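# Tertiary structure, described
Chain by chain, the residues run as shown.
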Amino acid sequence: MVGIHLKTLIFERSELDHLVETLKRRDYKVIGPLLRGGAIVYDEITNTSSLPIGWTDERSNGKYRLKNRDDAVVFDWTVGPQSWKRFLFPPIQKIFATHKRPKGIDLPNTKKQPVQETVPAKYAFLGVRPCDLHAIAVQDKVFLGGPYRDPVYERKRSGNFIIAVNCRQAGGTCFCASMGTGPKATSGFDIALTEVLEGKRHYFIVEVGTELGGEVLKSLKCLKATDENLAALKEICEKTTQQMGRSLDTTNLKSILYQNSEHPRWESTASRCLTCANCTMVCPTCFCATIEDVTDLSGKQAERMRKWDSCFTLDFSYIHGGSVRASTKARYRQWVTHKLASWVDQFGTLGCVGCGRCITWCPVGIDITEEVRTIRENQS
Amino acid sequence: MATDPELLSLKVDYKWNPMLPWPFQIRRVKHETEDTFTIELQPLGALEEFAYQPGQFNMLYVYGVGEIPISISGDPANPRVLVHTTRAVGTVTKAMDKMKRGDILGIRGPYGTPWPIDQANGSDVVFVAGGIGLAPLRPALYEVVAHRELYGKVVLLYGTRTPLDVLFRQELENWRARFDLEIYVTVDRAMTGWRGNVGVVTNLIPRAPFDPRNTMAFVCGPEIMMRFTAMELHKRGVDNEHIFVSMERNMKCAIGLCGHCQFGSVFVCKDGPVFRYSEIKEMLVKWEI
Amino acid sequence: MEDLKNILAEHPFFSGLNEEYFALIVGCASNMRIDAGKIIHREGEEANHFYLIRSGKVTLQMMTPNKGPLIIETLTEGDILGWSWLVPPYTWHFDAKALDLTRMIALDGKCLRTKCENDHHLGYELLKRFADIMMKRLESTRLQLMDIYGDRP
Ligand SMILES: Cc1cc2nc3c(=O)[nH]c(=O)nc-3n(C[C@H](O)[C@H](O)[C@H](O)COP(=O)(O)OP(=O)(O)OC[C@H]3O[C@@H](n4cnc5c(N)ncnc54)[C@H](O)[C@@H]3O)c2cc1C
Ligand code: SF4
Ligand code: SF4
Ligand code: FES
């Protein structure tokens, strides 16, 4: 990336509050993690007291549970059921409203002067995991890299300030190391934090990714990182990598999946799959959406809403006469093949960043890494 | 895998949202057959003309009901009128069928890849249409007829259900009367009194007058029909690379952002709907892809 | 006769047939001319011929009690009409009618089928060729049955 000078600093835990304040002063809407309904979710925060201090999460196939750790570590959880995509690509978004008039209808483009939309506050994201950073980069390609750019995404994405947090421990379903997306953030952030708790000392190692990041840090009390600090950073990230229990071998994966479109495994996994669409809803890269038309009771106003959709629904592929992907097998195959094969053809990158959410939130515990391994090892 | 900074540095254009339709007013409605109608539309507001290429489609929005992809069926030489021919099959198309002169539709487009007519210069051109598939081919026919001297033989093979379902009857008659166009129509079944062909459109291919080694074929119709047609054209000697088909998939955005139109690794809305047959041949025989 | 022979020799249906069999077939062939609107054969009649259409147009049709005659298929130049002569009970399953003035070569199936019974090699050669036509017709019929342009293909 151009204009990036990587340098490493440290600041004490107490400075985290100043970071949030500084960002607010700079007119950012700060979004960070908080506890809600038994999960760690992301929402607007005003200070660090609402962060999930001392909490960690336990994740396995189909299971997610929070646990209190009796210490004051802020970022010792991995990923929750939500991702940052809900802020950049909202689950529901109004496209436009139109009105019935005595003479026809008026559409937003009726007037020569198109509607001017107000510029919303810029987002600052606090606590973005390396896998999720990559997920944002993947969605950038989807929404901004094609012949048509998504105006909603573009607006919400512009001017983001991103504070990444390197992972001190791997979640039970994580496999970012094998996907080359973590557990350490290497790019795509303004600043990246690594939390260190050494006896009584609680501080953050800070890597600066952009000039803006460096500028924001000027309002904080920072020190230059020492060799010991850098060694601690390295050690933490290595430990996390070693801890990671799952992996997905991506070698030659695209052609393996294309060539095995009739593998019996699709059918057998389909017999477990409930087509609930959870995996696509929690996935930070899935971008599919449908449109819903709503009219008020009088019929005088009609709205078009864009809503998240999933290739697991029957309607998704409906054309007059029936659905193209009628069987569960076909829909399940579409999901895996899209994430790990056709995505590469479409966007030049994999559609999976190894965050493991789809494994955690699958009610029957289907594991994408296991599926790929089975097909790879028993190619037809 | 960081995001290309160029992607993010481009300026946000708040004024332009590709999901917003433009208002168009219906100037004329023509009922082609019992279930198929053609509407002529004129832009309202800021737009004056609507330029497009043969084979492209628009998203048509019916107030409060929904939005669907429909190919443009008019003459590209006349960008002041926008023409769509639609078969009423379901919610949105039936609502459209009820619309009258003066009513307003929302339109956005044109989208998708066109029929690559320019690649047919100097060769024979064969159009194979099935059912409503004649509508998306008509702009290409207009264009070829308008520059007739650029092509060798020009043949239209058109198959539909019954004689009552034949679209653009008058136009077909006019074209048939020309000495430089070969028009063949066949129906799946007919009552006596029909003097044309009965049988599937693929039956017309072996005897149609064109030189298979120097032919560009444009095929549009139900997927099964296109598959059999391409096979038959290939059997006759037409190179798979010279056969083009127009695909149909569910579409919500038409601009590559909603994921609905995925067909294997391609998006029908932006990589298609017109594809080179040789490029999608393998996917066409995969089930539920 | 020479003319007939040439036409038959050029038709793909007979290609690859040995001299002896070909001569035999030419011996069973005769020219035929049917005026527009005339019936060639009717459903239920004894099937003793098959035809190679040289020009014109023939419709295969079926009587329906409430809709009148329904056209199932049209055959034109180069098409082969009729295979009922080959399989018992040797009766036509459709009406065949000349839509335009039609010229055909009629082949005497009654004579041929006796020869086929006696010479299975000839029988196989002919059956193979008819199987190909039947397969193509079946394929088109299936497509027609699917009603692909209809409401729910
Ligand atoms: C590129 C393209 C060009 C087309 N051109 C023509 C044309 O020129 N003339 C014509 O008559 N038809 C055309 N179609 C088919 C036409 O879009 C469908 O018949 C129409 O969408 C059916 O909508 P409906 O609401 O009437 O049907 P329903 O069966 O009631 O469908 C219900 C809903 O399903 C969705 N849906 C169904 N089919 C499709 C589809 N193919 N794409 C997106 N959403 C769908 C829509 O949201 C629709 O409202 C084209 C399709 C495509 C993809
Ligand atoms: S497919 Fe699963 S592991 Fe991969 S990015 Fe999506 S949710 Fe995460
Ligand atoms: S996996 Fe399914 S829901 Fe996700 S982006 Fe691909 S098609 Fe859309
Ligand atoms: S129609 Fe939305 S991606 Fe093609």
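Residues numbered from 1 in each chain as written. Chains lettered and ligands numbered in written order. Predicted model: local features only at pLDDT ≥ 70, side-chain atom pairs only at ≥ 80, totals over all residues. Heavy atoms only, no water.

Our focus in this paragraph is the overall build of chain A. When helices and strands are counted, chain A shows 13 helices and 16 strands. Here chain A has a C-alpha radius of gyration of 22 Å; the compact-globule value for 380 residues is 21 Å, and the two agree. The burial tally for chain A puts 57% of its 380 residues in the buried class. Looking at chain A alone, contacts between residues at least 24 apart form 72% of all its contacts between residues at least 6 apart. Looking at chain A as shown, the accessible area adds up to about 15600 Å², and 51% of this sits on carbon and sulfur atoms. (Helix = DSSP H or I, 4+ residues; strand = E, 2+ residues; numbered from the N terminus. Rg over C-alpha atoms; globule rule 2.2 N^0.38 Å. Buried < 20%, exposed > 50% of the residue type's maximum accessible area, 1.4 Å probe, protein only. Contact = heavy atoms within 4.5 Å. Areas by Shrake-Rupley, 256 points an atom, 1.4 Å probe, with all protein chains shown as cover.)

Pro69, Arg87, Thr93, Met251 and Lys252 of chain B are the nearest of the 23 residues found near ligand 1. Ligand 1 is flanked by residues contributed from chains A and B. Measuring from a nitrogen atom of ligand 1, one finds a backbone N or O atom of Met251 of chain B at 3.1 Å. Contact with the protein chains removes 88% of the 850 Å² of surface that ligand 1 exposes when unbound. Elements that contribute at least two residues to the shell around ligand 1 include exactly β15 (318–319) of chain A together with β4 (66–71), β5 (82–87) and α2 (91–97) of chain B. If one sorts the elements of the shell around ligand 1 by residue count, β4 of chain B sits on top with four residues. (Near = heavy atom within 4 Å. Polar contact = N/O pair within 3.5 Å; in protein donor to acceptor, adjacent residues only side chain to side chain.)

A few words now on the pairing of strand β9 (residues 182–187) of chain B. Residues and elements named next belong to chain B. Judged from the six bridges that link them, strand β8 (residues 154–160) and β9 form a sheet pairing that is parallel. By the bridge assignment, Val155 is partnered in β9 with Glu182. Looking at chain direction, β9 and strand β11 (residues 197–198) are connected through two bridges and run parallel. Bridge pairing links Val187 to Val198 in β11. (Pairing = 2+ DSSP bridges.)

All names here are of chain B. Spatial ordering of the open sheet is given by β11-β9-β8-β7-β12-β13-β16, a layout of seven strands whose pairing is mixed. Two strands bound the open sheet, and with one partner strand each, they are β11 and β16 (274–276). Taken strand by strand, helix α4 (residues 169–177) contacts β8 and β9, and its axis lies near 135° from that of β9. Lying over the sheet, helix α5 (residues 223–236) contacts β7 (124–130), β12 (215–220) and β13 (243–246), oriented at roughly 165° with respect to β12. (Axes fitted to C-alpha atoms, helices over the stretch in contact; angles between N-to-C directions.)

Next up on the list: the interface of chain B and chain A. The partner chain A presents 73 residues to the 52 residues of chain B that form the contact. For the pairing of chain B and chain A, the buried interface totals around 5500 Å² over both sides, and the portion due to carbon and sulfur atoms is 61%. Taken together, the links from chain B to chain A amount to one salt bridge. A salt bridge links Arg304 of chain A to Glu67 of chain B; the nearest nitrogen and oxygen atoms lie 2.9 Å apart. (Buried area = accessible area lost by both parts, 1.4 Å probe. Salt bridge = Lys/Arg side-chain N within 4 Å of Asp/Glu carboxyl O.)

Turning to the interface of chain C and chain B, a few remarks are in order. The partner chain B presents 26 residues to the 26 residues of chain C that form the contact. The junction of chain C with chain B conceals about 2400 Å² of combined surface from both sides, 53% of it contributed by carbon and sulfur atoms. Viewed at the interface, chain B and chain C are joined by four salt bridges. Arg161 of chain B is the partner of Asp147 of chain C in a salt bridge, and the nearest nitrogen-oxygen pair spans 2.8 Å. Linking chain C with chain B are 15 residue pairs in polar contact (both at pLDDT 80 or more). Within the residue set of the side of chain C that touches chain B, elements represented by two or more residues are β4 (57–64), β5 (68–76) and α4 (120–146) of chain C. Ranked by residues supplied to the side of chain C that touches chain B, first place goes to β5 of chain C with eight residues. Relative to β5 of chain C, strand β10 (residues 190–191) of chain B is paired through two bridges, and the arrangement is antiparallel. Paired with Met191 of chain B across the strands is Leu70 of chain C, a residue of β5 of chain C.

To continue, consider the packing of helix α1 (residues 2–10) of chain C against helix α2 (residues 19–27) of chain C. Residues and elements named next belong to chain C. For the pair α1 and α2, the least separation of the axes is 10 Å and the interaxial angle reads 125°. Between α1 and α2, the crossing angle belongs to the class labelled oblique. Of the two possible hands of crossing, α1 and α2 adopt the one that is right-handed. For the pair α1 and α2, the contacting residues are Lys5, Leu8 and Ala9 in the first and Phe22, Ile25 and Val26 in the second. The residue makeup of the contact of α1 with α2, split by class, is five nonpolar, no polar and one charged. (Parallel < 35°, antiparallel > 145°, perpendicular 65-115°, else oblique. Left-handed = near helix turned anticlockwise from the far one by under 90°. Nonpolar A, V, L, I, M, F, W, Y, C, P; charged D, E, K, R; others polar.)

Here the focus is the nonpolar core. Ranked by size, the top nonpolar core spans 151 residues in total, and within it Trp335 and Leu340 of chain A carry the most contacts. If one sorts the elements of this core by residue count, helix α3 (residues 130–144) of chain A sits on top with eight residues. Counting 36 residues, the second largest nonpolar core, distinct from the first, contains Ala135, Leu137, Leu172 and Val185 of chain B. (Core = buried A, V, L, I, M, F, W, Y, C linked by side-chain atoms within 4.5 Å.)

Another point: the domain arrangement of chain A. All names here are of chain A. Domain boundaries assigned for chain A yield domain 1 (7–242) and domain 2 (253–377). Each of domain 1 and domain 2 has a C-alpha centre, and these two points are 25 Å apart. Regarding the contact of domain 1 and domain 2, the summed buried area is about 3500 Å², with carbon and sulfur atoms giving 61% of it. In terms of surface lost to domain 2, no three residues of domain 1 exceed Lys85, Phe89 and Phe175, which account for 17% of the buried area on that side. Connecting domain 1 to domain 2 are three salt bridges. For the salt bridge of Arg306 with Asp150, the shortest nitrogen-to-oxygen distance reads 2.7 Å. Here the residues of the side of domain 1 that touches domain 2 sort into 21 nonpolar, 13 polar and nine charged. (Domains from an automatic or database assignment.)

A full pass over the atoms with the stated rule returns 37 aromatic pairs over all chains. Summarising the aromatic geometry, the rings of Phe50 of chain C and Trp85 of chain C are spaced 5.0 Å apart at their centres and angled 15° between planes, so their arrangement reads as stacked. Placement of the pair is Phe50 of chain C in strand β3 (residues 49–55) and Trp85 of chain C in the loop between β6 (80–81) and β7 (95–98), with a sequence separation of 35 residues. Across the pair, exposure class does not vary: Phe50 of chain C and Trp85 of chain C are buried alike. One aromatic cluster is present, formed by Phe89, Phe143, Tyr153, Phe287, Trp308, Trp343 and Phe347 of chain A together with Phe267 of chain B through successive ring pairs. Taking NZ or CZ as reference, Arg129 of chain A lies 4.6 Å from the ring centre of Trp77 of chain A, over its face. (Phe/Tyr/Trp six-rings, centres within 6.5 Å; stacked < 30°, edge-to-face > 60°. Lys NZ or Arg CZ within 6 Å of the ring centre and 35° of its normal.)

All names here are of chain A. Contact pair helix α11 (residues 328–347) / helix α13 (residues 368–377): the axes reach a minimum separation of 12 Å and the direction vectors enclose 90°. Classified by the angle between their axes, α11 and α13 sit roughly perpendicular to one another. Each of Tyr332, Trp335, Val336 and Leu340 in α11 lies in contact with α13, whose residues at this interface are Ile368, Glu371 and Val372. In terms of residue class, the contact of α11 with α13 is made up of six nonpolar, no polar and one charged.

Bringing the pairing of β12 of chain B into the picture now. All names here are of chain B. Of all six residues that make up β12, six are buried, and the element is covered over most of its length. Of the two faces of β12, the one lined by Thr215, Ala217 and Val219 and the one lined by Met216, Phe218 and Cys220 are each fully buried. With six bridges connecting them, β7 and β12 associate as parallel partners. Across the sheet, Asp124 pairs through a bridge with Thr215, a residue of β12. Note: β12 against β13, three bridges, orientation parallel. Bridge pairing in β13 places Phe218 opposite Phe244. After leaving β12, the chain enters α5 and then returns to the sheet as β13, a path that is right-handed. (Right-handed = clockwise from strand over helix to strand, strands pointing away.)

Let us look at the domain arrangement of chain B. Residue and element names in this part refer to chain B. In terms of domains, chain B is made up of domain 1 (19–111) and domain 2 (117–246). The C-alpha-based centres of domain 1 and domain 2 are spaced at 24 Å. Taken together, the 17 residues of domain 1 in the interface contact 14 residues of domain 2. For the pair domain 1 and domain 2, the interface holds zero salt bridges. If you look at where domain 1 meets domain 2, you find two residue pairs in polar contact (both at pLDDT 80 or more). At four residues, the largest contribution of residues to the side of domain 1 that touches domain 2 is made by β5.

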